[in-house]
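Each chain, letter by letter, is given below.
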Amino acid sequence: MFVHNENFNIMQIAASGQCFRMNRMNESKKQKCNLVAYGRYLELTQLDAETVELSCSEEEFHQIWEEYFDLSYDYSKVVTELISGEDEFLKKAAEYGRGIRILKQEPFEAAISFIISQNKNIPAIKSCIEGICRCYGEDKISRECGNTPFHLFPKAEVLARADKEALRSLNTGYRDEYILQAARSVVLGDLNLEDLKSKSFEEAVDTLKKLRGIGEKVANCISLYGLHHIEGFPIDVWILRALKEVYNNRFDKGKYQGYAGIVQQYMFYYIRYLKGIKES
DNA sequence: AGCCAGGTGACCG
DNA sequence: CGGTCACATGGC
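Notes on the structure in this doc start here. Everything numeric here is computed off the predicted structure, so don't read it as measured data.

1. A short note on the pairing of strand β4 (residues 40–48)
Where strand β3 (residues 32–37) meets β4, six bridges bridge the pair, whose relative direction is antiparallel. Each bridged residue has a counterpart across the sheet, and for Asn-34 the counterpart in β4 is Glu-43. Two successive antiparallel strands, β3 and β4, enclose a turn made up of two residues, where Tyr-38 displays a positive phi of approximately 50°. Two elements, β4 and strand β5 (residues 51–54), share four bridges in a ladder whose sense is antiparallel. Directly across from Thr-45, in β5, lies its bridge partner Glu-53. The turn joining β4 and β5, which pair antiparallel and follow one another in sequence, is formed by two residues.

Given below as structure tokens:
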């Protein structure tokens, strides 16, 4: 199954810090990644600048991945606008990260993942999440995965009953309690993530922030990557650095109303590149 | 060896 | 409101 799109680069997406279970496969120096989401295992190969091969059937692609990779949204419009705009930093950022797209991840996975993400670096977040999937996620096998089982991200029901000490031993640190409480809120129906998709971005953020361990930044991440509120604009240490050093704290995201989250993603990916961070 | 990481909550004035 | 501090732990 092939996808042609000039704004679809799997290595850039995998290194963009929005998802933590998309990994480079590093075999025969091909640009190849794998991924587990929505109960499936998928392999992707970047054949050239505008062609990606997916290991799934056409049916599965239309059922799951077309939506997951937000392939009906016109990212070239955003990139073109930024490249032809006045902002020199965003010009270069959009040029550099033009293959990035905002994924539509599973809401619960995004919620827990970004609770874990606080005050951790990306490799540490990834290994922590893998541990949680290994211990609490359902095992599946597929032809594409060569009969080695892969692990789904755990259901809220399972995580909600996890032992705190066991969670702690998976390097969650002080976030163990946050994870348990979030999972329990979902199980009890106090937090309905699906519901928040159809609410406004502001309401989604406000609702998420009521949970312990979710502040402004994490709420923006969950909204952006898990609920696809693309006006979200998470400000972490990297974005803060860019806003200070590049813009002297005068950046106005209001110019990008309705899609600031995409702009944020180009900024994040580019500032980290400028600072010499190796792709993770 | 020490600083940093896709931060947050508690506490202070 | 805005500043400071502890928090648990791996990466580099």
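2. Things to note about unusual backbone geometry
Even without a glycine there, the phi angle at Asn-119 is positive, about 60°. Mapped onto the secondary structure, Asn-119 falls in the loop between α5 (107–117) and α6 (122–136). In this structure, Asn-171 is a non-glycine residue whose phi angle is positive, near 65°. Tracing the chain through its elements places Asn-171 in helix α8 (residues 164–172).

3. Regarding the protein's contact with DNA strand B
Near DNA strand B you find 29 residues, and of these Gly-17, Asn-121, Ile-122, Arg-241 and Gln-264 are the closest. One of the backbone N or O atoms of Gly-215 is found 2.8 Å from a phosphate oxygen in DNA strand B. For the surface near DNA strand B, the elements supplying multiple residues, two or more each, are α12 (216–226), α13 (237–245) and α14 (260–274). Here the surface near DNA strand B is composed, by residue class, of eleven nonpolar, eleven polar and seven charged.

4. Here's the deal with α14
In an α-helix, one turn spans 3.6 residues, which is why side chains three or four residues apart end up on the same side. In a regular helix each residue adds 1.5 Å, so 15 residues correspond to 21 Å; α14 covers 21 Å between its end C-alpha atoms and thus fits that length. Burial of α14 is extensive: 13 of the 15 residues sit out of reach of the surface. Gly-276 lies just past α14 and shows a positive phi near 80°.

5. Focus: the protein's contact with DNA strand C
In the vicinity of DNA strand C, the contacting residues are Asn-119, Asn-121, Pro-123, Ser-127, Arg-168, Asn-171, Gly-173, Tyr-174 and Arg-175. Here DNA strand C approaches the protein such that, of its atoms within 4 Å, sugar and phosphate make up 68%. Here Asn-121 contributes a side-chain N or O atom positioned 3.1 Å from a sugar or linking oxygen of DNA strand C. Asn-171 has a polar side-chain atom sitting 3.0 Å from a phosphate oxygen of DNA strand C.

6. Examining the packing of α6 against α8
Where α6 meets α8, the closest approach of the two axes is 8 Å, and the angle between their N-to-C directions is 145°. Facing α6, whose interface residues are Cys-128, Gly-131, Ile-132, Cys-135 and Tyr-136, α8 presents Ala-166, Leu-167, Leu-170, Asn-171 and Thr-172. Residues that form the contact of α6 with α8 fall into these classes: seven nonpolar, three polar and no charged.

Definitions and cut-offs
Residues numbered from 1 in each chain as written. Chains lettered and ligands numbered in written order. Predicted model: local features only at pLDDT ≥ 70, side-chain atom pairs only at ≥ 80, totals over all residues. Heavy atoms only, no water. Pairing = 2+ DSSP bridges. Helix = DSSP H or I, 4+ residues; strand = E, 2+ residues; numbered from the N terminus. Near = heavy atom within 4 Å. Polar contact = N/O pair within 3.5 Å; in protein donor to acceptor, adjacent residues only side chain to side chain. Nonpolar A, V, L, I, M, F, W, Y, C, P; charged D, E, K, R; others polar. Expected span 1.5 Å × (residues − 1). Buried < 20%, exposed > 50% of the residue type's maximum accessible area, 1.4 Å probe, protein only. Axes fitted to C-alpha atoms, helices over the stretch in contact; angles between N-to-C directions. Contact = heavy atoms within 4.5 Å.

By themselves, these observations are geometric and do not establish any function.
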